[in-house]
Amino acid sequence: NAGVTQTPKFRVLKTGQSMTLLCAQDMNHEYMYWYRQDPGMGLRLIHYSVGEGTTAKGEVPDGYNVSRLKKQNFLLGLESAAPSQTSVYFCASSYVGPYNEQFFGPGTRLTVL
Amino acid sequence: AQSVSQHNHHVILSEAASLELGCNYSYGGTVNLFWYVQYPGQHLQLLLKYFSGDPLVKGIKGFEAEFIKSKFSFNLRKPSVQWSDTAEYFCAVMAGNQFYFGTGTSLTVIP
C-alpha cells in the first residue's frame, strides 16, 4: 500500500494564481483532512471530509476550497493565492469515527511570491 | 474554542537523559488524545494514543504518556532518550470530528 500520497511535493506560485493540491489514499478511509503547518503554530485544520461528497470547514478555511468527489481523493484548491498561504500542507486520512489515528501524507511545500 | 498547549518549544538533552514533554488542553468534554512525532524531512507518525481505560499509555520506541483528567494534561515521557529521537513532537486532541494540534516541541538529542 502507498498509504497517503500528495501531489505535488513542491510548488511556487505568484500572488493571484490558482492551484489544486491532490491527496490520495488507498486504505479505504472514510475521513480525510487538510492541514497547514507553519513555524511556531503547529498544524491547523483547513477543511475535512467525513465521506465521499461531504466536506466541512476546519479552523482556518478562508481562501481554500475542497472537494471529495471520490472516496480515495481529497482536493485542496487555492483560487487566488496570497503570500500568507505560503506553508507546508499535509493531508491525512483515518477510518470511520473519531477514535482512530490519522495517517499523514509526506506534505506539499507551497511558496507564494 | 478548544486549544492545545505545549509549553516546551525547544528541548535539548544528552543521550540517556530522561524526557518529559508537557501537553495541556482546554476542553471539558470527552476527548481522545494523541502524540505524534515528525522526524526531520518526514511526515507525522503516531507515537501513542489514549481513548479510555488505563491513563498510562505505552507507545512505540519506549515512549509513554499519562492522562491526568483533573489537570487536563497528557504528558509524554521516555526514561532514556537516544540520538534518533531528535524530532518534533506534537500533542493532539480529538474533540468531535476535529483534531486540534499543539504548536509542537522540537527535541534535539546530543550524542
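Keep in mind it's a predicted model, so treat the numbers as computed, not measured.

**Q** Which residues make up the interface of chain B and chain A, and what values go with them?
**A** Between chain B and chain A, the contact holds 18 residues from the first and 23 residues from the second. Buried area between chain B and chain A, both sides added, is near 1700 Å², and the carbon and sulfur share of it is 57%. Residues Glu101(A) and Lys49(B) are paired through a salt bridge, measuring 3.8 Å at the closest nitrogen-oxygen approach. There are two residue pairs in polar contact (both at pLDDT 80 or more) connecting chain B and chain A. Of all elements in the fold, only strand 5 (32-38), strand 6 (44-50), strand 10 (87-95) and strand 11 (98-101) of chain B reach the threshold of two or more residues within the side of chain B that touches chain A. The leading source of residues in the side of chain B that touches chain A is strand 5 of chain B, at four residues. Partitioned by chemical class, the residues of the side of chain B that touches chain A number nine nonpolar, eight polar and one charged.

**Q** Explain the side chain of His47(A) residue by residue, including any values.
**A** Residues and elements named next belong to chain A. As for its placement among the helices and strands, His47 is situated in strand 5 (residues 42-51). Within the structure, the side chain of His47 is placed 3.3 Å from the backbone oxygen of Ala56, a separation counted as a polar contact. Here the side chain of His47 touches Tyr64 through a polar contact of 3.3 Å, landing on its backbone oxygen. Those residues in contact with His47, other than ones at most four positions away along the chain, are Tyr33, Trp34, Ala56, Lys57, Gly58, Pro61, Tyr64, Asn65, Val66 and Phe74.

**Q** I'd like to hear about the nonpolar core, residue by residue, with values.
**A** With 30 residues, the main nonpolar core has Leu33(B), Trp35(B), Leu47(B), Leu48(B), Phe74(B), Leu76(B) and Tyr89(B) as its most contacted residues. Listing elements by their share of this core, those giving two or more residues are strand 2 (10-14), strand 3 (19-21), strand 5, strand 6, strand 8 (64-68), strand 9 (73-78), strand 10 and strand 12 (105-110) of chain B. Among the elements that take part in this core, strand 10 of chain B stands out by supplying five residues, more than any other. Once you skip the residues sitting within four places of it in the chain, Leu33(B) turns out to touch Tyr25(B), Leu48(B), Lys49(B), Tyr50(B), Phe67(B), Phe74(B), Ala92(B) and Val93(B). Counting residues in hydrophobic clusters, the runner-up holds 20 residues, among them Tyr64(A), Phe74(A), Cys91(A) and Leu110(A).

**Q** Got a sec to walk through the packing of aromatic side chains? Specific residues and values, please.
**A** Summed over all chains, the structure comprises 18 aromatic pairs over all chains. Both rings, one in Tyr35(A) and one in Phe101(B), keep their centres 5.2 Å apart while their planes meet at 85°; by these two values the pair is edge-to-face. Of this pair, Tyr35(A) sits in strand 4 (residues 31-38) while Phe101(B) is found in strand 11, placing the two residues in two different chains. The buried category is assigned to Phe101(B), whose relative accessible area is 8%. Taking the centre distance of 5.6 Å and the plane angle of 70° together, the rings of Tyr25(B) and Phe72(B) count as edge-to-face. Here Tyr25(B), found in strand 4 (residues 24-26), pairs with Phe72(B), found in the loop between strand 8 and strand 9; they are 47 residues apart in sequence, far enough to count as distant. Aromatic rings pair up to connect Tyr31(A), Tyr33(A), Tyr35(A), Tyr48(A), Phe104(A), Phe34(B), Tyr36(B), Phe51(B), Phe99(B) and Phe101(B) into one cluster.

Conventions and cut-offs
Residues numbered from 1 in each chain as written. Chains lettered and ligands numbered in written order. Predicted model: local features only at pLDDT ≥ 70, side-chain atom pairs only at ≥ 80, totals over all residues. Heavy atoms only, no water. Contact = heavy atoms within 4.5 Å. Buried area = accessible area lost by both parts, 1.4 Å probe. Salt bridge = Lys/Arg side-chain N within 4 Å of Asp/Glu carboxyl O. Polar contact = N/O pair within 3.5 Å; in protein donor to acceptor, adjacent residues only side chain to side chain. Helix = DSSP H or I, 4+ residues; strand = E, 2+ residues; numbered from the N terminus. Nonpolar A, V, L, I, M, F, W, Y, C, P; charged D, E, K, R; others polar. Core = buried A, V, L, I, M, F, W, Y, C linked by side-chain atoms within 4.5 Å. Buried < 20%, exposed > 50% of the residue type's maximum accessible area, 1.4 Å probe, protein only. Phe/Tyr/Trp six-rings, centres within 6.5 Å; stacked < 30°, edge-to-face > 60°.

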